[in-house]
Amino acid sequence: MAKRIDVSGLHVYYGDFLAVEDVSMTIEPRSVTAFIGSSGCGKSTFLRTLNRMHEVNPNARVEGKVMLDDLDIYGPDVDPVAVRREIGMVFQRANPFPTMSIYDNVIAGAKLNNQRLSKREADEIVERSLRGANLWEEVKDRLHKPGAGLSGGQQQRLCIARATAVEPEVLLMDEPCSALDPISTLAIEDLIANLKENYTIVIVTHNMQQAARVSDRTAFFNLAGTGKPGRLIEMGDTNRIFTKPEKKETENYITGRFG
Amino acid sequence: MTTTTTTPSTGSSGDGPRLSSSSLLTGSLPRSFAPLLLAGTAVVVGGALFALGLFHLVSFAVLTAGVYLIAITVASRAVEGGRKAKDRLVTGVVYCCFGLAMAPLISLLWTVLVNGLKRFDGYFLTVSMNGVIPSMDAGGVYHAIVGTLVITGVAALISIPIGLLAAIYLVEYGKGRLKQAITFFVDVMTGIPSIVAGLFVVALWIMIFGPGNTSGLAGAISLSVLMIPVVVRSSEEMLRLVPNELREASYALGVPKWLTIVKVVLPTAIAGITTGIMLALARVIGETAPLILTAGIASTRINANPFEGQMMSLPVFIYQQVRAMGSSGDAGIYAEERAWAAALTLILIVMLLFFAARLISRLFAPKLGR
């Protein structure tokens with residue numbers, strides 16, 4: 001498991017509007033890469049292009065190349081559905097399926113795809129994924145209760161369990177803690193540290209302390225101005241970005257002297 | 001509870017030496033004042049009307065409401081001040097409007113129940129009008145129940161798939177001109193008078209089978225012309241209510257779009273969709289005009305085959321019996337009783353449908369309990 005992502009010369013458009021301009025980066029396997037930057041600078045948009053989720057919006061399109069190991073995910077014969085099986089995603093707002101129990105939510109990836117699982121396999125996947133998401137102890141006695149009855153932090157960990165249950169190569173996280181309290185945030189940060197043993201993780205965050213705590217490498221995005229496209233300003237080891245940023249803009253942002 | 005009926009404050013404190021906080025205090029009427037006042041008004045108005053010999057339910061209700069509104073406003077203004085008085089007045093007006101809206105409904109249900117129960121029994125439900133001559137104290141609606149169930153059932157079978165799939169197209173796939181056109185024509189279809197839907201099917205049938213051909217299927221098709229737009233509209237609204245995040249969550253698990261729709265979107269919206277479908281059914285089950293044109297009036301025959309021959313239905317049965325009310329002697333009375341009992345049957349069928357819909361919604365609704 002865990003694959004490398006290589007992005008080169010990626011532009012993202014919404015209709016005629018250029019939202020993200022010319023991003024090239026390498027995302028290392030078995031590590032955590034954080035995207036930071038102000039709101040609207042295109043980091044979430046860029047993240048969604050990594051598993052072709054932006055295609056949900058019919059106006060969005062990309063130019064450029066995204067390689068998952070040696071496969072171009074925008075190649076002509078590539079099925080976006082298959083790409084998303086390899087590259088999972090966790091969203092800002094926890095979104096467990098309201099019609100399903102906790103148990104069914106975890107194996108939703110298989111169930112929704114009409115895969116047949118034996119009872120034993122399903123039990124195994126549910127326990128492994130929930131343990132992996134640090135949620136097993138809290139919910140093991142009520143697996144067949146609705147997933148929407150959990151607290152916000154538990155729901156988000158349930159969503160992480162659901163995403164890891166299909167065993168993707170890469171896990172994209174779009175501000176997974178922004179709606180959570182500090183305790184739940186801590187639980188999820190611990191979880192991210194464990195998950196990076198097996199997955200390539202990309203996380204978008206507004207919280208610079210969080211980026212410093214969880215990530216190995218950090219990428220800083222910024223806008224040149226209103227109406228201008230977002231660009232990748234600088235990327236490097238998290239330590240270096242937060243201590244000796246090369247660019248003035250990065251330094252301004254991380255020291256809070258932004259704008 | 002500490003309710004005080006103490007001194008009315010002057011609201012805007014004119015005199016100086018008061019504490020500033022006292023302007024925040026106003027008197028208030030005791031909690032039981034409003035209902036007591038209403039009861040008192042009712043007694044006084046009722047008594048006065050009786051004394052004058054003018055008592056009538058409608059005039060009594062209107063007068064009581066009017067006098068109560070004036071009394072509560074004046075009393076409240078004196079004790080509680082202007083803002084509270086307005087509040088009490090508007091609360092009263094809102095209740096009056098609610099009563100006005102409910103009055104015809106309750107009156108209708110009551111009338112149908114009282115008149116319908118005279119003849120509504122097992123016999124009435126299980127026999128047809130076969131061999132019943134007008135002056136006989138006999139006959140029932142069995143043939144009409146069968147017809148209504150078959151015709152609306154077939155109409156539902158036609159309309160639900162078409163309507164639901166159209167709604168899915170509009171919400172999940174449609175874009176551009178085609179979507180706009182469909183939305184526009186669905187809106188137009190919602191406004192089609194039912195008799196026009198009947199005429200449309202008559203014309204269609206004449207084109208295909210020649211003149212004079214009526215059948216339950218023709219009736220069902222005319223009803224689906226009326227039902228489809230309602231199903232499309234209500235299902236569309238319900239599908240739009242499904243949060244996009246659920247669709248994205250499903251896509252992110254590598255689930256194709258069509259499976260996402262079938263397994264995530266539809267189950268999440270199913271409760272609302274069922275309610276919408278039941279409303280649409282309730283709308284068409286009482287249609288009379290298009291059925292007279294297309295399914296004919298099978299006065300006596302029990303016909304459960306929608307593909308052949310005329311078919312009776314409850315609304316048409318009621319229409320037929322009401323037409324016969326003018327007959328001389330007992331025949332007219334029997335016809336009237338049969339009409340009321342058939343109306344009661346129809347209302348009961350609609351209520352059963354709603355009950356079933358509630359049950360289905362309850363079973364499928366998203367579960368939020370802990």
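Because the structure is predicted, anything quoted here is derived from the model rather than measured.

Undergrad: Just to check I follow, could you spell out the overall build of chain A for this structure?
TA: The helix and strand inventory of chain A stands at 11 helices and 10 strands. Expected size for 259 residues packed as a compact globule is a radius of gyration near 18 Å; at 18 Å, chain A falls within 12% of this value. Along the first, second and third principal axes, the C-alpha set of chain A runs to 55 × 45 × 30 Å. Here chain A, with 259 residues, has 56% of them falling under the buried criterion. Relative to all contacts within chain A whose residues are 6 or more apart in sequence, the contacts with residues 24 or more apart total 66%. Working note: accessible area of chain A is about 11200 Å², and carbon and sulfur atoms make up 46% of it.

Undergrad: Please explain the packing of aromatic side chains as it appears in this structure.
TA: Counting across every chain of the model gives eight aromatic pairs over all chains. For the ring pair Phe 35 of chain A and Phe 46 of chain A, a centre distance of 5.5 Å and an interplane angle of 40° mean the geometry is tilted. Of this pair, Phe 35 of chain A sits in strand 3 (residues 32-36) while Phe 46 of chain A sits in helix 1 (residues 43-49), and the two are 11 residues apart along the sequence. What makes Phe 35 of chain A buried here is its relative accessible area of 0%. The lysine or arginine in question, Arg 61 of chain A, covers the ring of Tyr 13 of chain A, its NZ or CZ lying 4.3 Å from the ring centre. When the ring centre of Tyr 173 of chain B is taken as origin, the NZ or CZ atom of Lys 257 of chain B, which lies over that ring, is 4.6 Å away.

Undergrad: Hey, could you run me through the side chain of Thr 268 of chain B in this one?
TA: All names here are of chain B. As for its placement among the helices and strands, Thr 268 is situated in helix 10 (residues 257-285). Judged by relative accessible area, which is 15%, Thr 268 ranks as buried. A distance of 2.5 Å separates a polar atom in the side chain of Thr 268 from the backbone oxygen of Val 264.

Undergrad: What's the story with the domain arrangement of chain B in this structure? I'm lost.
TA: Where the parts come together, the accessible area they lose is often given as the size of the interface. Residues and elements named next belong to chain B. Per the domain assignment, the segments making up chain B are domain 1 (27-116) and domain 2 (125-364). Between the C-alpha centres of domain 1 and domain 2 there is a distance of 41 Å. Of the residues lining the interface, seven residues belong to domain 1; the matching set on domain 2 comes to five residues. Taken over both partners, the interface formed by domain 1 and domain 2 buries close to 530 Å², and the fraction arising from carbon and sulfur atoms is 86%. Applying the counting criterion to the domain 1 and domain 2 interface returns zero salt bridges.

Undergrad: Help me out: how do you make sense of the interface of chain B and chain A in this one?
TA: In this complex, chain B contributes 23 residues to the contact, which on the side of chain A involves 30 residues. Of the roughly 2300 Å² buried between chain B and chain A on both sides combined, carbon and sulfur atoms contribute 63%. The interface formed by chain B and chain A holds two salt bridges in total. For the salt bridge of Glu 245 of chain B with Arg 93 of chain A, the shortest nitrogen-to-oxygen distance reads 3.4 Å. Summed over the shared surface of chain B and chain A, the result is seven residue pairs in polar contact (both at pLDDT 80 or more). When residues of the side of chain B that touches chain A are traced back to their parent elements, those giving at least two are helix 9 (244-252) and helix 10 of chain B. Here the side of chain B that touches chain A gets seven residues from one element, more than from any other, and that element is helix 9 of chain B. A breakdown of the residues in the side of chain B that touches chain A according to their chemical character gives 13 nonpolar, four polar and six charged.

Undergrad: Explain the sheet that holds strand 1 (residues 5-14) of chain A here, please?
TA: Residues and elements named next belong to chain A. Sheet architecture is open: 10 strands sit in the order 5-4-1-2-10-9-3-8-7-6, paired in mixed fashion. In this open sheet, the two strands that pair with only one neighbour each are strand 5 (71-72) and strand 6 (87-90). Bridge analysis of strand 6 against strand 7 (residues 170-174) gives four bridges, and the strand direction is parallel. Its bridge partner lying in strand 7, Gly 88 is registered against Leu 171. Lying over the sheet, helix 7 (residues 152-165) contacts strand 6 and strand 7, oriented at roughly 170° with respect to strand 6.

Undergrad: Whenever I open this one, the nonpolar core confuses me. Can you help?
TA: Nonpolar side chains tend toward joint burial in soluble globular proteins. Core analysis: the biggest nonpolar cluster contains 65 residues, and Phe 97 of chain A together with Val 141, Met 227, Leu 239, Leu 314 and Phe 317 of chain B have the highest contact counts within it. Within the residue set of this core, elements represented by two or more residues are helix 4 (108-112) of chain A together with helix 5 (142-173), helix 8 (216-241), helix 9, helix 10, helix 12 (314-323) and helix 13 (330-364) of chain B. Per-element accounting of this core gives the leading share, 13 residues, to helix 10 of chain B. Those residues in contact with Val 141 of chain B, other than ones at most four positions away along the chain, are Phe 124, Leu 125, Val 127, Leu 314, Phe 317, Ala 342 and Thr 345 of chain B.

Undergrad: Could you clarify how one ought to interpret the environment of Val 230 of chain B in this entry?
TA: Counting through the fold element by element, Val 230 of chain B comes out in helix 8. When near neighbours in sequence (up to four residues on either side) are disregarded, Val 230 of chain B contacts Ala 280 and Arg 283 of chain B.

Undergrad: Sorry, what's going on with helix 3 (residues 82-116) of chain B here?
TA: Within an α-helix, residues lying three or four positions from one another point in the same direction, as the helix has 3.6 residues per turn. All names here are of chain B. For helix 3, which comprises 35 residues, the first-to-last C-alpha distance of 50 Å matches the rise-based estimate of 51 Å (1.5 Å per residue) to within 8%. Taken as a whole, helix 3 carries its principal kink of about 30° at Met 102; the proline Pro 104 stands between one and four residues after it. Looking at helix 3, one finds that the buried residues are Ala 85, Gly 92, Val 112, Asn 115 and Gly 116. Summarising the contacts, the buried residues of helix 3 are in contact with helix 2 (57-80) and helix 13.

Undergrad: How should the confidence of the model for chain B be read in this particular structure?
TA: Detailed reading of the predicted model is not advised wherever pLDDT is low. Averaged over chain B, the pLDDT score is 86; the fraction of residues at 70 or greater is 92%. This stretch, residues 1-20 of chain B, has a pLDDT under 50; its non-local contacts, to residues over four places away or in other chains, come to 15 contacts.

Undergrad: Explain the pairing of strand 3 of chain A here, please?
TA: For a regular strand, side-chain orientation follows a simple rule: the groups alternate between the two sheet faces. Residues and elements named next belong to chain A. Counting buried residues in strand 3 gives five out of five residues, a clear majority hidden from the surface. Across the two faces of strand 3 the burial is the same, with Val 32, Ala 34 and Ile 36 and Thr 33 and Phe 35 all buried. Looking at chain direction, strand 3 and strand 8 (residues 200-204) are connected through four bridges and run parallel. When the sheet's bridge partners are listed, Val 32 is paired in strand 8 with Ile 201. As paired strands, strand 3 and strand 9 (residues 217-223) are joined by four bridges and run parallel to one another. Residue pairing across strands places Ala 34 opposite Thr 218, the latter belonging to strand 9.

Undergrad: Teacher, can you tell me more about the pairing of strand 2 (residues 17-27) of chain A here?
TA: Residues and elements named next belong to chain A. Bridging between strand 1 and strand 2 involves seven bridges; their strand directions are antiparallel. Each bridged residue has a counterpart across the sheet, and for Asp 6 the counterpart in strand 2 is Thr 26. Where strand 1 hands over to strand 2, the hairpin turn is made up of two residues, of which Gly 15 adopts a positive phi near 60°. Across two bridges, the pairing between strand 2 and strand 10 (residues 230-237) is parallel. Note that in strand 10 the partner of Val 20 across the bridge is Gly 230.

Parameters and conventions
- Residues numbered from 1 in each chain as written.
- Chains lettered and ligands numbered in written order.
- Predicted model: local features only at pLDDT ≥ 70, side-chain atom pairs only at ≥ 80, totals over all residues.
- Heavy atoms only, no water.
- Helix = DSSP H or I, 4+ residues; strand = E, 2+ residues; numbered from the N terminus.
- Rg over C-alpha atoms; globule rule 2.2 N^0.38 Å.
- Buried < 20%, exposed > 50% of the residue type's maximum accessible area, 1.4 Å probe, protein only.
- Contact = heavy atoms within 4.5 Å.
- Areas by Shrake-Rupley, 256 points an atom, 1.4 Å probe, with all protein chains shown as cover.
- Phe/Tyr/Trp six-rings, centres within 6.5 Å; stacked < 30°, edge-to-face > 60°.
- Lys NZ or Arg CZ within 6 Å of the ring centre and 35° of its normal.
- Polar contact = N/O pair within 3.5 Å; in protein donor to acceptor, adjacent residues only side chain to side chain.
- Domains from an automatic or database assignment.
- Buried area = accessible area lost by both parts, 1.4 Å probe.
- Salt bridge = Lys/Arg side-chain N within 4 Å of Asp/Glu carboxyl O.
- Nonpolar A, V, L, I, M, F, W, Y, C, P; charged D, E, K, R; others polar.
- Pairing = 2+ DSSP bridges.
- Axes fitted to C-alpha atoms, helices over the stretch in contact; angles between N-to-C directions.
- Core = buried A, V, L, I, M, F, W, Y, C linked by side-chain atoms within 4.5 Å.
- Expected span 1.5 Å × (residues − 1).
- Bend = angle between axes of the 7 residues up to and from the residue.
- pLDDT = per-residue confidence, 0-100.

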